[in-house]
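A structural walkthrough
Listed here are the chains, written in short residue letters.
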Amino acid sequence: MGEQAPSKVPPKALTAPQGKVSAKKPKPARPESRLAMVRRARRINRELAETYPYAHPELDFRNPFELLVATVLSAQTTDLRVNQTTPALFAAYPTPEDMAAAVPEDLEELIRPTGFFRMKARSLLGLSRALRDDHGGEVPGRLEDLVKLPGVGRKTANVVLGNAFGVPGITVDTHFGRLVRRWKWTEQEDPEKVEAEICAIFPKSEWTMLSHRVVFHGRRICHARRPACGACPIAPLCPAYGEGETDPEKAKKLLKYEKGGQPGQRLSPPPDYPGLPAPPLGAGGAQEPQEAQEAQEP
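Residues numbered from 1 in each chain as written. Predicted model: local features only at pLDDT ≥ 70, side-chain atom pairs only at ≥ 80, totals over all residues. Heavy atoms only, no water.

Regarding the overall build of the chain
Of regular secondary structure, the chain possesses 14 helices and zero strands. Of the regular secondary structure in the chain, the N- to C-terminal order runs α-α-α-α-α-α-α-α-α-α-α-α-α-α. Looking at the 298 residues of the chain, the share that counts as buried comes to 47%. The contacts of the chain with a sequence gap of at least 6 include a subset with a gap of at least 24, amounting to 62%. As presented, the chain carries roughly 16,100 Å² of accessible surface, and 54% of it is formed by carbon and sulfur atoms. (Helix = DSSP H or I, 4+ residues; strand = E, 2+ residues; numbered from the N terminus. Buried < 20%, exposed > 50% of the residue type's maximum accessible area, 1.4 Å probe, protein only. Contact = heavy atoms within 4.5 Å. Areas by Shrake-Rupley, 256 points an atom, 1.4 Å probe, with all protein chains shown as cover.)

Spelled out as structure tokens, the structure:
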């Protein structure tokens, strides 16, 4: 018989301890400190301010009463649909006294396009009568008075205070809530708790404009279902980067409103708005169905 061939097993394999793995486990990422989160949040706000220097409330209004009514109507629908509905509404009922005396069925018919029109009509009649009877026909400029009006909660009150009276406030709507959670600024779901935590991050002077910038970003780039990550100016600061489309060219196709070359939500936008005015009711508005879905998302 010939001589047995030498073993080809490497010497290290023969001497390595059995049952042990030599590779080291990767260290878990260090949790972000409160200070680091605040700094990142404020950087995001600065980036959004550069991206949307024209950010504004996307409801058409000419006075506090019109903004109050439009905000009540905006529940469970889009600002676009409200803006398409309010011209005829305010032509018929320009003041709280006029609306307080409205025939309910006539009011319901005018606001029917906004959905939930019977419930909203009751709120509008109730708040108009309260303004007429308790506030001299004027919209009050205090949070504690506004939230006592029928159909008016903190979100609506903050919209009116911030945009009609210049009183700073955070408006926690669907877009604002989901983005601040996506950015890890808060884990809260309750709107009042979200408001309190975000207020603690930013100086009071930033509250109103921060609300507009975040909502603008949520409607235009950071969508609920398919965020356009590849076209996002704050991608390096976002802990959720990659949840959406990261290819820049594909991401550009997801942009909405002025970022996508489409009309905005206001029929009468501010002079510095770079996009197109929205069409009046019955004249188009192809983006309405998708926006309506996002408006109703939790």
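Moving on from the model shown.
Some words on the packing of helix H3 (residues 64-73) against helix H9 (residues 154-164)
Interhelical geometry of H3 versus H9 gives an angle of 150° and a closest axis separation of 10 Å. In this view, H3 runs roughly antiparallel relative to H9, as classed from their interaxial angle. Handedness of the crossing formed by H3 with H9: right-handed. Contacts from Pro64, Leu67, Leu68, Thr71 and Val72 in H3 reach Thr156, Val159, Val160, Asn163 and Ala164 in H9. Residue classes in the contact of H3 with H9 are distributed as seven nonpolar, three polar and no charged. (Axes fitted to C-alpha atoms, helices over the stretch in contact; angles between N-to-C directions. Parallel < 35°, antiparallel > 145°, perpendicular 65-115°, else oblique. Left-handed = near helix turned anticlockwise from the far one by under 90°. Nonpolar A, V, L, I, M, F, W, Y, C, P; charged D, E, K, R; others polar.)

Side note on helix H10 (residues 174-182)
Of all nine residues that make up H10, seven are buried, and the element is covered over most of its length. Three or more residues of H10 are buried, namely His175, Phe176, Gly177, Arg178, Leu179, Val180 and Arg182. By the N-cap criterion, in which a side-chain oxygen at the helix start approaches the backbone nitrogen of a residue two or three places on, H10 is capped by Asp173, the distance to His175 being 3.2 Å. Note on H10: the residue one or two positions beyond its end, Lys184, has a positive phi of about 65°. (Polar contact = N/O pair within 3.5 Å; in protein donor to acceptor, adjacent residues only side chain to side chain.)

Structural notes on the confidence of the model for the chain
On average, the chain scores 90 in pLDDT, and the residues at 70 or more come to 85%. A low-confidence stretch, residues 1-23 stays under pLDDT 50, and its non-local contacts, those more than four residues away or across chains, total one contact. Within the model, pLDDT remains below 50 along residues 285-290, and this stretch shows 10 contacts once partners closer than five positions in the same chain are excluded. (pLDDT = per-residue confidence, 0-100.)

What to know about the side chain of His56
By secondary structure assignment, the location of His56 is in the loop between helix H2 (34-51) and H3. Polar side-chain contacts of His56 include one of 2.8 Å to the backbone oxygen of Tyr54. In this view, His56 contacts His212, Phe216, Arg266, Pro270 and Tyr273; residues no more than four positions away in its chain are not counted.

A short note on H2
Each turn of an α-helix holds 3.6 residues, which means side chains three or four residues apart point in the same direction. Its 18 residues give H2 an end-to-end C-alpha distance of 26 Å, which sits within 8% of 26 Å, the value for a rise of 1.5 Å per residue. If you check which residues of H2 are buried, you get Met37, Val38, Arg40, Ala41, Ile44, Asn45, Leu48 and Thr51. Taken around the axis of H2, the buried residues stretch over an arc of 165°, which confines them to a single face. Projecting away from the buried face of H2 at angles above 90 degrees are the exposed residues Arg39, Arg46 and Glu50. (Expected span 1.5 Å × (residues − 1). Arc of directions from axis to C-beta.)

Description of the side chain of Gln265
By the element assignment, Gln265 lies in the loop between helix H13 (248-252) and helix H14 (288-295). Once residues within four sequence positions are removed from consideration, Gln265 is found in contact with Glu58, Thr78, Asp79, Leu80, Asn83, Arg219, Tyr257 and Ala278.

Focus on the nonpolar core
Grouped together as the largest cluster of nonpolar side chains are 39 residues, with contacts concentrated most on Phe176, Trp183, Trp185 and Ile198. Of all the secondary-structure elements, those providing two or more residues to this core are H2, H10, helix H11 (191-199) and helix H12 (207-220). Residues in contact with Phe176, not counting those within four places in the same chain, are Ile170, Thr171, Val194, Ile198, Leu210, Ser211, Val214 and Val215. One finds Met99, Leu107, Leu131 and Val160 within the second-largest nonpolar core, a separate group that totals 31 residues. (Core = buried A, V, L, I, M, F, W, Y, C linked by side-chain atoms within 4.5 Å.)

What about the packing of aromatic side chains?
All told, the structure shown has six aromatic pairs when counted by the stated rule. Ring centres 5.9 Å apart and planes at 70° place the aromatic pair Tyr52 and Phe216 in the edge-to-face group. Of this pair, Tyr52 sits in the loop between H2 and H3 while Phe216 sits in helix H12, placing them 164 residues apart in sequence. Residue classification places Phe216 among the buried positions, given a relative accessible area of 1%. Clustering of aromatic rings is evident, with ring pairs tying together Tyr52, Tyr54, Phe216 and Tyr273. Between Arg220 and the ring centre of Phe216, over which it is positioned, the NZ or CZ distance is 3.7 Å. (Phe/Tyr/Trp six-rings, centres within 6.5 Å; stacked < 30°, edge-to-face > 60°. Lys NZ or Arg CZ within 6 Å of the ring centre and 35° of its normal.)

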